[in-house]
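Each chain, written out:
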Amino acid sequence: MTELTKSTSVAGDATAVAGGAKAAEAEPAIARVTQWGEIRHRFLANKLAVVGLALVVGLFAVALFAPLIAPHDPYAQDLTNTLQTPGGAHFLGTDALGRDQFSRIIYGSRIAVIVGLASIFLACAIGIVIGAIAGYFGRATDSVLMRIADVFFAFPLLIGAIVIIIAMGRGVTPVIISLAIFSWPTVARLLRSSILSVREADYVLAARALGADTRRIIIRHILPNSVAAVMAYAAFSVGGAIVAEASLSFLGVGVSPEIPEWGNMLAGAKDFMGVKDYLWTYPSIAIVLTVLGFVFVGDGLRDALDPKLR
């Protein structure tokens, strides 16, 4: 009788375990939501941000595959076909030297991408280092570094960039350097403000108490929790850098005039405004769409990284 009872009990336990296993299998698994997954979800929920991302990805694709997309050599001159209106073999017409407008706009995206990304990357690299040092150490260090930043703030971007380009000579590299030199103070101030709000947080105090050195505290604990504003600013500023680069070329101090670049195209079109408006219309549309793309992405990143701003 006792053995029968034990057998029944064991069988009941096995049935319960099997039933529990089946119930566990039947229950839907709980999705694990990471911080970056939540940020990605908030970003993709913003329709304008998705539109901006599509524009930016399209710009990168055009710049990368420019030789495959452009139907003509952007440098080739055909003096027998100057100022042709859009249509036929020249989709967007030709300029005063017979160069294909569509091909020059396509290749102009390369200059826009290179200058926009490189100048803001360099500005962020300088600004993050200076802003992190100023925000973490504070006091005299903060005062000295921020006064240096104020000196650069005193110069208008275009005027300061023109001075540097005149000293260095025209070209893509001088334009990148000049834009970065007058853009880093904003990055430094943004990061400094964020660090001032987190440097006395509990996790930073705990790291200090455990004996972590200053470099480790800044890199591992402070920067990851302070760069959200910088990331959003960087996305916004790429569009601004592209406009500044086009403005410098339009004024005659940017890249060389023979290079296919949107500002150079506008400079060549200014003598034909009201007569051959297609010469300035299409490069202007390219600039507007590019800037809108980066602005929408920056706005989406700002909202995704800090939902309180929504």
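Up top you'll find the structure we're talking about.
Residues numbered from 1 in each chain as written. Predicted model: local features only at pLDDT ≥ 70, side-chain atom pairs only at ≥ 80, totals over all residues. Heavy atoms only, no water.

(A) The arrangement of unusual backbone geometry in detail. With phi around 55°, Leu83 is a residue other than glycine that occupies positive phi space. Tracing the sequence through the fold places Leu83 in the loop between α4 (66–69) and α5 (101–137). Assessed through its relative accessible area of 21%, Leu83 is described here as partly exposed. (Helix = DSSP H or I, 4+ residues; strand = E, 2+ residues; numbered from the N terminus. Buried < 20%, exposed > 50% of the residue type's maximum accessible area, 1.4 Å probe, protein only.)

(B) Fine view of a nonpolar patch on the surface. On the surface, Val51, Leu55, Ile285, Val288, Leu289 and Leu292 cluster together to form a nonpolar patch covering roughly 450 Å² of accessible area. At the level of elements, α3 (47–64) and α14 (278–305) are the ones that each hand at least two residues to the nonpolar patch. Looking at the nonpolar patch, the element that brings in the most residues is α14, giving 4 residues. Note that Ile285 resides in helix α14. On the basis of relative accessible area, Ile285 is assigned to the partly exposed category, the value being 42%. (Patch = residues over 30% accessible without salt bridge, like charges linked within 9 Å, V, L, I, M, F, W, Y side chains within 5 Å. Areas by Shrake-Rupley, 256 points an atom, 1.4 Å probe, with all protein chains shown as cover. Salt bridge = Lys/Arg side-chain N within 4 Å of Asp/Glu carboxyl O.)

(C) Spotlight on the packing of α3 against α5. Contact geometry for α3 and α5: axes closest at 8 Å, N-to-C directions at 115°. Crossing of α3 over α5 shows left-handed handedness. Across the interface between the two elements, Leu59, Phe60, Val62, Ala63 and Leu64 of α3 pack against Ile106, Ser109, Arg110, Val113 and Leu117 of α5. Along the lines of polarity and charge, the residues of the contact of α3 with α5 split into 8 nonpolar, 1 polar and 1 charged. (Axes fitted to C-alpha atoms, helices over the stretch in contact; angles between N-to-C directions. Left-handed = near helix turned anticlockwise from the far one by under 90°. Contact = heavy atoms within 4.5 Å. Nonpolar A, V, L, I, M, F, W, Y, C, P; charged D, E, K, R; others polar.)

(D) Molecular detail of helix α7 (residues 157–168). With 12 residues, α7 should reach 16 Å at 1.5 Å per residue; the first-to-last C-alpha distance of 16 Å fits that figure. Those residues of α7 that sit buried are Gly160, Ala161, Ile164 and Ile165. With its buried residues spanning 130° around the axis, α7 presents them on a single face. In this structure, α7 carries Ile159, Val163, Ile166 and Ala167 as exposed residues pointing more than 90 degrees from its buried face. (Expected span 1.5 Å × (residues − 1). Arc of directions from axis to C-beta.)

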